[in-house]
Amino acid sequence: MSGVNKVIVLGFLGIDPEVRTLESGAKLARLRIATSEAYTAKDGQRIEQTEWHNVVVWRGLADVAEKYLTKGKQVYIEGKLKTRSWKDQEGNDRYTTEIVADNMQLLGRSGGGERPQEAQNSGGQSTQQQPQTQPQSAAPAGDSGNDEDDLPF
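Since this is a predicted model, take the numbers as computed values, not measurements.

Describing the overall build of the protein chain
Helix and strand counts for the protein chain come out as one helix and eight strands. Each helix (α) and strand (β) of the protein chain, taken in turn from the N terminus, gives the series β-β-β-β-α-β-β-β-β. The 153 residues of the protein chain split such that 31% are buried. Residue pairs in contact within the protein chain that sit at least 24 positions apart in sequence constitute 54% of those at least 6 positions apart. Summed over its atoms, the accessible surface of the protein chain is roughly 10,600 Å², and 44% of this surface lies on carbon and sulfur atoms.

Here it is as structure tokens:
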């Protein structure tokens, strides 16, 4: 039996996307997403903890990130964890773990008042980009989503 490597993050961008195009022509964008969790301690004090996530989006999703995402925007990300290693300038081994996104949904309004209608994920499937308060699965093009025979599992 194989394992499962699935990550879902819903949070806010801490910085504008860092976008670059590789020599191969593929575009990638790096995102820093903050998620917060709040709880009340035994002494009644409210404590909020923020976790920062490094996210990488490729190709069509990188185009959407570059065009519509800015610092402070809320975004829903699905992807997998991936650890990279390299040697720094002093020859030391360095590691980082990041989320490689295969689905992204923009939440809330985009900066220019425009709303992206559709984005391509790295697998080439379309993902509807709609302002919303909860993530929803996108229906394939031409599917009204009302097919009672379509089971969710």
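After that view, the rundown keeps rolling.
Here's the deal with the nonpolar core
The biggest cluster of nonpolar side chains holds 20 residues, and the ones touching the most others in it are Leu31, Val57, Ile77 and Met104. Looking at this core, the elements that each hand over two or more residues are β1 (7–13), β3 (27–40), β4 (46–58), α1 (59–68), β5 (74–87) and β6 (93–107). Not counting the four nearest positions on each side in its chain, Val57 is found in contact with Lys27, Leu28, Ala29, Leu31, Ala62, Ala65 and Ala101.

A closer look at the confidence of the model for the protein chain
Per-residue pLDDT for the protein chain averages 78, and the proportion of residues at 70 or more is 71%. Confidence over residues 110–120 falls short of pLDDT 50; this stretch has 29 contacts with residues more than four positions distant or in other chains. Below a pLDDT of 50 lies the segment residues 122–153, which in the model reaches 42 contacts outside its immediate sequence neighbourhood of four places, other chains included.

Re the pairing of β5
For a regular strand, side-chain orientation follows a simple rule: the groups alternate between the two sheet faces. Relative to β5, β1 runs antiparallel, the two being bridged by six bridges. Bridging from a neighbouring strand, Ile8 pairs with Glu78 of β5. Following β5, the chain reverses through five residues before pairing antiparallel with β6; Gly91 in that reversal takes a positive phi of roughly 85 degrees.

Considering the environment of Trp52
Positionally, Trp52 belongs in strand β4. Overall, Trp52 belongs to the partly exposed group, its relative accessible area being 41%. Linking Trp52 and Arg32, residues 20 residues apart in sequence, is a C-alpha distance of 6.6 Å. Excluding residues within four positions of it along the chain, Trp52 makes contact with Gly14, Arg32, Ile33 and Ala34.

Comments concerning unusual backbone geometry
In the Ramachandran plot, Arg59 falls in the positive-phi region, its phi being about 50 degrees despite a non-glycine side chain. Mapped onto the elements, Arg59 comes out in helix α1.

Side note on the pattern of salt bridges
Side-chain pairs of opposite charge can arise whenever the charged atoms involved come near each other. Counted according to the given criterion, the structure contains six salt bridges. The salt bridge involving Lys6 is made with Glu78; its shortest N-O contact spans 3.0 Å. With a gap of 72 residues between them, Lys6 in the segment before β1 and Glu78 in strand β5 connect regions that are remote in the sequence. Residue class for Glu78 comes out buried when judged on its relative accessible area of 16%.

What counts and how
Residues numbered from 1 in each chain as written. Predicted model: local features only at pLDDT ≥ 70, side-chain atom pairs only at ≥ 80, totals over all residues. Heavy atoms only, no water. Helix = DSSP H or I, 4+ residues; strand = E, 2+ residues; numbered from the N terminus. Buried < 20%, exposed > 50% of the residue type's maximum accessible area, 1.4 Å probe, protein only. Contact = heavy atoms within 4.5 Å. Areas by Shrake-Rupley, 256 points an atom, 1.4 Å probe, with all protein chains shown as cover. Core = buried A, V, L, I, M, F, W, Y, C linked by side-chain atoms within 4.5 Å. pLDDT = per-residue confidence, 0-100. Pairing = 2+ DSSP bridges. Salt bridge = Lys/Arg side-chain N within 4 Å of Asp/Glu carboxyl O.

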